[in-house]
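An overview of the molecular structure
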Amino acid sequence: MTLAKRMWKARWAYVFLLPALIPFFIFILGPLLAGLRLSFYEARLADQTFIGFGNFIKLAHDEAFLYAVKNTFIFVLVVVPVSITLSLFIALMVYPLRGSVQGFFRMAFYLPVVASGVVLTMVWLYIFNPTYGLLNYLLSLVGIGRVEWLGRTETALLSLAIVVVSWTLGVPIILFIAGLAGIPKSLHEAAKIDGANSWQEFWHVTLPLLKPTLLFVLVTQTINVFQVFIVVLLMTRGGPANSTQTIVYRIYETAFTFFRFGYASAMGVVLLLIVGSVAVVQFKLLGQEVQY
Amino acid sequence: MTTASYPKSRKAKKWFRRTPWMIGLFFALILALASLLPLYWMIIGSFKIQTNAMSVPPEFWPSMPTIENWQKLLFGKSPTWRWLLNSVVVASVAAAFAVLTSALAGYVFGKKEFPGRTLLFWLIIITMMLPKQISLIPLFILMRKLHGFNTYWGMIVPWVAYPFGIFLFKQYMQSIPNELLEAARIDGASELRSFFSIILPLSKPAVGALSIFAFVAAWNDFLWQLILVTERNMFTLPVGVSKLVSNLSNYDLGLAMAGATFAFIPMLIVFLAFQDYFVKGITLGAVKG
């Protein structure tokens with residue numbers, strides 16, 4: 001059968017695809033490719049000039065952007081492991097509980113996800129206030145003195161990390177609980193008969209069988225956390241002294257405050273390359289199939 | 001456990017074995033309370049007058065509860081109700097489009113063979129994984145040309161094609177038995193009919209989960225709504241409310257907390273009403289993903 005014939009035979013498939021494909025090309029794929037192209041241009045609101053790798057060369061010497069790359073990496077390296085460890089821990093503790101009690105825990109960690117970044121950031125801004133904030137008050141009860149959470153270069157990024165961790169636990173906990181439920185009981189029993197203690201059972205039975213879930217959580221969390229933005233916008237605007245600059249915040253300011261579209265697109269390309277290669281590495285390291 | 005002292009009775013033995021878990025559970029409980037505390041603080045804060053909101057030590061229960069903040073928020077200068085309407089319109093229309101287009105496309109990817117299938121599917125999956133910020137700039141320029149600033153359709157249009165939805169529906173519809181479709185074909189049902197009367201009804205859980213997901217995602221599409229809309233009356237609720245803290249050093253605390261609470265309520269209602277769909281949607285998306 002020729003290609004045309006096969007396509008004609010499957011014409012219904014294309015008709016069904018069109019409502020998704022047309023907007024996909026115009027509003028998703030098209031802009032993505034246009035963004036790649038724009039990164040090689042000096043582009044502002046009205047005019048565009050091709051400048052080759054000019055934007056990227058400039059980026060390599062842009063102090064604020066270099067801070068942003070560094071901070072974003074630190075941020076991911078702190079938030080993702082902490083969030084995954086905590087959510088795995090919570091899932092393991094909560095899994096043996098009865099339905100409604102388990103439901104309370106799931107709800108407690110999922111409500112911040114529901115509340116969304118804007119809402120939570122606004123509350124944490126209040127909680128972090130050095131003078132009348134709740135956090136400093138609670139710390140003063142155990143004898144820790146006043147901390148300028150968002151005002152000092154040493155603590156500002158950490159403060160943002162706390163906020164982001166608080167809304168990244170809910171989804172992994174649900175996934176890990178579902179993953180734990182999928183592990184055949186017979187395997188746990190076999191481990192017990194073989195005389196494994198709970199730690200050995202976790203390390204040699206539970207964890208390997210959770211690997212697909214773990215990989216999924218790791219990759220999606222990493223991609224999400226690399227795009228940290230709202231906390232920066234609403235809490236610190238990149239300060240103090242560039243200590244909370246992140247890549248997406250730089251893109252936002254460069255493109256939509258200074259209207260330097262080409263330069264901001266180049267930042268977007270850098271983000272794309274970083275996220276893409278990190279995801280590939282994670283798949284390569286952890287991606288082998290699990291067999292029961 | 002390899003410990004020197006062995007507990008004597010059976011009961012004590014059981015307790016002994018369970019102690020680490022009990023301690024762990026206790027920590028999980030503390031984390032759960034810590035996770036809820038900001039939300040409690042927000043709601044309580046919305047009922048405090050400014051001086052009490054700033055009191056040291058802080059009040060865990062407002063000593064002089066007031067509804068002043070809520071009056072200011074809901075009947076004051078800000079068009080808060082309009083923001084709510086904007087968000088509801090944008091999120092529900094976006095979700096409706098997203099579900100319809102991705103159900104159709106997911107069906108085709110899950111059940112049909114046609115030239116270009118693999119290529120198109122991978123294109124969609126890759127864009128699903130990539131950060132969106134790079135396409136934001138050309139989309140912004142495009143919207144400027146199409147006069148999409150400060151419009152509903154401008155906020156909705158990036159959601160009409162929903163790669164995650166296509167992926168989810170493909171996964172789900174693959175598992176529908178082919179025999180059902182063949183039976184329909186033998187009975188002379190058209191393609192459209194068998195989609196709407198067989199495939200779609202059988203995919204109800206996926207439709208439910210995805211409607212909620214797309215709704216929440218479009219509701220929280222903060223960055224796009226922030227850059228696209230400059231007119232105060234066209235703000236969505238999250239964007240409008242976020243402007244209450246735009247002056248970081250000096251803002252009305254009680255009002256900000258009332259605004260945050262108000263922005264939280266619609267999402268809370270959606271969550272409580274459709275809790276099962278949330279769980280289903282999250283796990284569906286991850287299964288063998």
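Throughout, residues of each chain are indexed from 1 in the direction in which the sequence is written. The naming scheme follows written order: chains are lettered A onward, ligands numbered 1 onward. Totals for whole chains, interfaces and linings use every residue, but because this is a predicted model, local features are given only for residues with pLDDT of at least 70 and side-chain atom pairs only at 80 or more, for both listing and counting.

Turning to the overall build of chain B, a few remarks are in order. Strands here mean DSSP runs of E at least two residues long; helices mean DSSP runs of H or I at least four residues long; both are numbered from the N terminus. Within chain B, the secondary structure is distributed over 15 helices and zero strands. Here the radius of gyration uses the C-alpha set of atoms, whereas the globule reference equals 2.2 Å times the residue count to the power 0.38. For a compact globule of 289 residues, the expected C-alpha radius of gyration is about 19 Å, and chain B comes in at 25 Å, more than 25% above that figure. Contact between residues is assigned whenever the C-beta positions, reconstructed from backbone atoms, fall within 7 Å. Of the contacts made within chain B by residues no fewer than 6 positions apart, 77% connect residues no fewer than 24 positions apart.

Helix and strand counts for chain A come out as 14 helices and two strands. Projected onto the principal axes, the alpha-carbon positions of chain A cover approximately 75 × 70 × 30 Å. Counting only residues that meet the buried cut, chain A has 42% of its 292 residues in that class. For chain A, long-range pairs separated by at least 24 residues make up 69% of all intrachain contacts whose partners lie at least 6 apart in sequence. Exposure criterion: with C-beta atoms placed from backbone coordinates, a residue whose C-beta has 20 or more other C-beta atoms within 10 Å is buried, one with 12 or fewer is exposed, and one in between is partly exposed.

Turning to the environment of Phe264(B), a few remarks are in order. Position of Phe264(B) relative to the elements: it lies in helix α14 (residues 253-273). Sequence-wise, Phe264(B) and Ile43(B) are 221 residues apart; in three dimensions their C-alpha atoms are separated by 9.9 Å.

Residue-level contacts link 75 residues of chain A with 72 residues of chain B. Looking at which element gives the most residues to the side of chain A that touches chain B, the answer is helix α5 (residues 99-127) of chain A, with 18 residues. Residue classes in the side of chain A that touches chain B are distributed as 65 nonpolar, nine polar and one charged. Ten residue types, Ala, Val, Leu, Ile, Met, Phe, Trp, Tyr, Cys and Pro, are classed as nonpolar, four, Asp, Glu, Lys and Arg, as charged, and the remainder, Gly among them, as polar.

Mapped onto the secondary structure, Leu215(A) falls in helix α11 (residues 211-226). Residue Leu215(A) is classed as partly exposed on the basis of its C-beta count, with 19 C-beta atoms lying within 10 Å.

It is worth spelling out the packing of helix α4 (residues 63-94) of chain A against α11(A) at this point. Residue and element names in this part refer to chain A. Axes here refer to lines fitted to C-alpha atoms; in helices the fit is confined to the stretch in contact. Angles between the N-to-C directions go from 0 to 180 degrees. Running from N to C, α4 and α11 point in directions that differ by 140°, and their axes come no closer than 9 Å. Every pair of crossing elements has a handedness; the one defined by α4 and α11 is right-handed. Between α4 and α11, the residues in contact are Thr72, Phe75, Val76, Val79, Val80, Ser83 and Ile84 and Val217, Leu218, Gln221, Thr222, Val225 and Phe226, respectively. Its residues placed into classes, the contact of α4 with α11 shows nine nonpolar, four polar and no charged. Here a crossing is taken to be left-handed if its near helix is turned anticlockwise relative to the far helix by less than a right angle, and right-handed if that turn runs clockwise.

A few words on the confidence of the model for chain B. Residues and elements named next belong to chain B. Residues with a pLDDT of 70 or more make up 93% of chain B, whose mean pLDDT is 89. Averaged pLDDT values for the elements of chain B fall to 79 in helix α15 (residues 275-286) and rise to 97 in helix α7 (residues 152-156). Residue-level confidence of the predictor is what pLDDT reports, using numbers from 0 through 100. In this model residues 1-5 is a low-confidence stretch, pLDDT under 50, and it forms one contact with partners more than four residues away in sequence or in other chains. As a predicted assembly, this complex carries a pTM of 0.90 together with an ipTM value of 0.90.

Let us now look at the nonpolar core. For this analysis, nonpolar core means a set of buried Ala, Val, Leu, Ile, Met, Phe, Trp, Tyr and Cys residues linked through C-beta atoms within 7 Å. In this structure, Ile90(A), Ala94(B), Ala214(B) and Ala260(B) are the most contacted members of the largest nonpolar core, which totals 167 residues. Excluding anything up to four places from it in sequence, Ile90(A) contacts Phe105(A), Phe109(A), Leu169(A), Ile173(A), Ala28(B) and Leu31(B).

Now for unusual backbone geometry. The omega angle of the peptide bond from Gly239(A) to Pro240(A) is -10°, so this bond is cis rather than trans. Residue position: Pro240(A) is located in the loop between α12 (230-236) and α13 (247-256). In the segment running from Val56(B) into Pro57(B), the intervening peptide bond is cis, with an omega of -5°. With respect to the helices and strands, Pro57(B) occurs in the loop between α2 (50-53) and α3 (68-75). One non-glycine residue, Ala241(A), lies in positive phi territory at about 50°. Topologically, Ala241(A) is positioned in the loop between α12 and α13. Located in the positive-phi region is Asn242(A), a residue other than glycine, with phi close to 65°. With respect to the secondary-structure elements, Asn242(A) resides in the loop between α12 and α13. Residue classification places Asn242(A) among the partly exposed residues on the basis of 17 C-beta atoms within 10 Å.

What follows covers helix α8 (residues 163-174) of chain B. Working rule for helices: expected span equals 1.5 Å times residues minus one. In this model α8(B) runs 17 Å from its N-terminal to its C-terminal C-alpha over twelve residues, within 8% of the 16 Å that 1.5 Å per residue would give. Among the twelve residues of α8(B), nine are classified as buried, and the element is accordingly described as predominantly covered. In the core, the buried residues of α8(B) are packed alongside α2 (11-38) of chain A together with α4 (80-111), α5 (117-129), α10 (191-202), α11 (204-219) and α15 of chain B.

A few words on the environment of Val239(B). Residues and elements named next belong to chain B. Here Val239 lies in helix α13 (residues 237-242). C-alpha separation for the pair Val239 and Ala184, spaced 55 residues apart in sequence, amounts to 48 Å. With residues near it in sequence (within four places) discarded, Val239 still touches Phe222, Gln225, Leu226 and Val229.

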